[in-house]
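# Breakdown of the fold
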Amino acid sequence: MYKYIIKGGKPLEGEVEISGAKNAAVAIIPAALLVDGVCRIENIPQISDVTMLLNILKRMGASIRTVDRHTMDIDCSGVTSTDADFDMMRRIRASYYLIGALLGRFGKATVAMPGGCNFGGVRPIDQHVKGFAAMGATVEVRNGLVCADTPDGHLHGCEIYLDVVSVGATINLMLAAVFAQGTTVIENVAKEPHIVDVANFLNSMGADIRGAGTNVIKVRGVQKLRGGFYSIIPDQIEAGTYMAAVAGTGGDLLIKNVIPKHMNCISGKLEEMGVVIEEGEDCLLVRRHGPLRRTNVKTQPYPGFPTDMQPQLSTILCLAQGTSIVTEGVWDNRYKYVDELLKMGAAVRVDGRVAIIEGVQGLTGAPIKAYDLRAGAAMVIAGLCASGTTEIEGIEYIERGYEDIVEKLQNVGADIQCVDIPEAQEDEDIQRIG
Ligand code: EPZ
């Protein structure tokens, strides 16, 4: 077990390179199950959620060869099992993509109920199930397993209207529909950049998917996907996290390997707060030298302000002049981290999906915890901005989605270390919890 120790108060200066998008990678890797042949995938982020998914595929019989740190050859032609009931699956949310991929390829799937970041409430998959059922599958949840089957071994094209805009359901139904007989039309879909990326990946291997990035996706079933080469897009949320970090600490940061258009929803808010952003072809220069100003924000599906940036933005709003109102429009409960900010001197009141944030002069370092991936990233930002020392536990959440976060921050002047938690202290923590 490890923790981060941050000595805050240093402006960030220099360059940081953004990795491949986590939420694209965790869909594209299971999507390789649909491909007959080798998929060479580039720009795969080195994060624990990806490692876990690659291990799951290996256990199912896939052959995976590392070409370099961010490039893998994945060949799933040898996979024969439709069963993915592994303990590892219960730890990641994206394991739900195995349902769509296995159902699409074999007409059946038995997959452990997905786990992942827990925001305090249930994370339902009813829209995924509704879509699979409309395509002719029977889907039951038994003993923590999602069991899906088709009477004739095939899914059938149909029209599906999603009652909520869901990233996971949109991608899962696209995966399932690739080999369905006829055309599947999915309406009221999510439009996040990673949805377009998954559709581009599948199309580059021979699928026929149109409309990704709009409200309606049409998938015409094809017979076969063949191997090929694909490079994953840069991670919008990792880039946004570094933008929020430099907005919080002050300084000048060149953020490289981004698609600036994907960042507009985040850049706009930061500019309202007094951050100066210059756009290059595949980079952003982010500067903050004056005071941070208050703003209001509501999280929404893309192209709205992303829920996965809400904790990071709320954290820097704690240091802005005036009162800001943050409304969480996607998840029921995504403010668990606020208690940690209060320990550092923040002034935040949460009422349901709304957080009212009174800007304070400064935060002070404290021992705090990461409760989920983005909340963890927000705690790192809080530590970088605070005076004194901040110790963050629960960093395994952060490492699920941020490649080399410690090294990347150290390279731009942050004083952050990853240190071992001595066993005696771990035992003490376990006893306290027990
Ligand atoms: C994806 O989760 C992301 N995860 C999340 O990022 C992100 O917060 C979320 O999309 C929203 O952008 C991955 O891509 C692996 P949803 P997902 O289905 O697909 C409700 C991160 O930090 N809903 O778009 O699980 C749901 O309760 C993670 O990187 C239903 O009601 O999210 C929520 O309120 C955390 N029924 C809303 O829709 C369903 O069947 C959006 O959820 C599905 C979802």
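On to the overall build of the protein chain, then. In terms of helices and strands, the protein chain carries 14 helices and 24 strands. Taking 22 Å as the expected radius of gyration for a compact globule of 434 residues, we find that the protein chain reaches 22 Å, a close match to that expectation. With respect to the principal axes defined by its C-alpha atoms, the protein chain has extents near 65 × 50 × 45 Å. The 434 residues of the protein chain split such that 56% are buried. Surface exposure of the protein chain reaches about 17000 Å², of which carbon and sulfur atoms provide 48%. Where the 41 positive side-chain charges of the protein chain centre and where its 53 negative ones centre are 3 Å apart.

A negative phi angle is the norm for most residues apart from glycine, just as the trans form is the norm for most peptide bonds. Along the chain, tyrosine 302 connects to proline 303 via a cis peptide bond; the corresponding omega equals 10°. Mapping proline 303 onto the fold places it in the loop between strand 18 (296-298) and helix 9 (310-317). If you check the backbone angles, asparagine 143 has positive phi at about 50° while not being a glycine.

Here the focus is the site of the ligand. Surveying the vicinity of the ligand reveals 23 residues, the closest of which are Tyr96, Gln127, Ser166, Asp308 and Val330. Between an oxygen atom of the ligand and a side-chain N or O atom of serine 166, the distance comes to 2.6 Å. Computed on the free molecule, the ligand has an accessible area of 820 Å², of which 90% lies beneath the protein chains in the complex. Looking at the shell around the ligand, the elements that each hand over two or more residues are helix 1 (22-31), helix 4 (126-134), helix 5 (167-177) and helix 11 (373-385). When residues of the shell around the ligand are assigned to their parent elements, the largest contribution, three residues, is made by helix 4. Of the residues assigned to the shell around the ligand, the class counts are ten nonpolar, six polar and seven charged.

What the domain assignment reports for the protein chain is domain 1 (2-19 + 234-433) and domain 2 (22-231). Averaged C-alpha coordinates put domain 1 and domain 2 at centres separated by 30 Å. Contacts between domain 1 and domain 2 engage 22 residues on the former and 23 residues on the latter. For the pair domain 1 and domain 2, the summed buried surface comes to about 1900 Å²; carbon and sulfur atoms form 52% of the total. It is Tyr302, Arg400 and Glu403 in domain 1 that bury the most area against domain 2; as a group they hold 36% of the surface buried on that side. Measuring nitrogen to oxygen at the nearest pair gives 3.1 Å for the salt bridge that ties aspartate 404 to arginine 69.

Taking 1.5 Å of rise per residue, the twelve residues of helix 2 (residues 48-59) would be expected to cover 16 Å, and the 16 Å separating its terminal C-alpha atoms lies within 8% of that figure. Buried within helix 2 we find Asp49, Val50, Met52, Leu53, Leu54, Ile56 and Leu57. Residues of helix 2 that are buried in the fold lie against helix 1, strand 4 (63-68), strand 5 (71-75) and helix 3 (97-106). In the segment just after helix 2, glycine 61 is the residue with positive phi, at about 110°.

Among the nonpolar cores identified, the biggest contains 85 residues, and Leu57, Ile74, Phe201, Leu202 and Leu225 are the most heavily contacted of them. Setting aside anything within four residues of it in sequence, one finds leucine 202 in contact with Ala31, Leu34, Leu175, Val178, Ala207, Ile209 and Leu225. Judged by nonpolar contacts, the second largest core, of 71 residues, contains Leu253, Ile357, Leu373 and Leu384.

Next up on the list: the sheet that holds strand 23 (residues 389-393). Taking strand neighbours across the sheet as the criterion, the four strands line up as 22-23-1-24 in an open arrangement whose pairing is mixed. Single-partner strands in this sheet number two, and they are strand 22 (367-369) and strand 24 (415-420). Averaged over all adjacent pairs, the angle separating strand axes in this sheet is 25°, with direction ignored. Pairing between strand 1 (residues 2-7) and strand 24: six bridges, direction antiparallel. Bridging across to strand 24, isoleucine 6 finds its partner in isoleucine 416.

Okay, the sheet that holds strand 16 (residues 276-279) next. To summarise the sheet geometry, strands pair through backbone hydrogen bonds and adopt either a parallel or an antiparallel arrangement. An order of 2-15-17-16 is seen for the four strands of this open sheet, with the pairing classed as mixed. Because the sheet does not close on itself, it has two edges, and the strands there are strand 2 (12-17) and strand 16. When the angles between neighbouring strand axes are averaged without regard to direction, this sheet yields 10°. As paired elements, strand 16 and strand 17 (residues 283-288) share four bridges and run antiparallel to each other. Each bridged residue has a counterpart across the sheet, and for glutamate 279 the counterpart in strand 17 is leucine 284.

For any two aromatic rings, the description comes down to two numbers: the centre-to-centre distance and the angle of the planes. A full pass over the atoms with the stated rule returns three aromatic pairs. An angle of 70° between the planes, with centres 4.6 Å apart, marks the rings of tyrosine 96 and tyrosine 97 as edge-to-face. A relative accessible area of 3% places tyrosine 97 in the buried class.

Cut-off values and rules
- Residues numbered from 1 in each chain as written.
- Predicted model: local features only at pLDDT ≥ 70, side-chain atom pairs only at ≥ 80, totals over all residues.
- Heavy atoms only, no water.
- Helix = DSSP H or I, 4+ residues; strand = E, 2+ residues; numbered from the N terminus.
- Rg over C-alpha atoms; globule rule 2.2 N^0.38 Å.
- Buried < 20%, exposed > 50% of the residue type's maximum accessible area, 1.4 Å probe, protein only.
- Areas by Shrake-Rupley, 256 points an atom, 1.4 Å probe, with all protein chains shown as cover.
- Lys, Arg positive; Asp, Glu negative; His and termini not counted.
- Charge placed at Lys NZ, Arg CZ, Asp CG, Glu CD.
- Near = heavy atom within 4 Å.
- Polar contact = N/O pair within 3.5 Å; in protein donor to acceptor, adjacent residues only side chain to side chain.
- Nonpolar A, V, L, I, M, F, W, Y, C, P; charged D, E, K, R; others polar.
- Domains from an automatic or database assignment.
- Contact = heavy atoms within 4.5 Å.
- Buried area = accessible area lost by both parts, 1.4 Å probe.
- Salt bridge = Lys/Arg side-chain N within 4 Å of Asp/Glu carboxyl O.
- Expected span 1.5 Å × (residues − 1).
- Core = buried A, V, L, I, M, F, W, Y, C linked by side-chain atoms within 4.5 Å.
- Pairing = 2+ DSSP bridges.
- Axes fitted to C-alpha atoms, helices over the stretch in contact; angles between N-to-C directions.
- Phe/Tyr/Trp six-rings, centres within 6.5 Å; stacked < 30°, edge-to-face > 60°.

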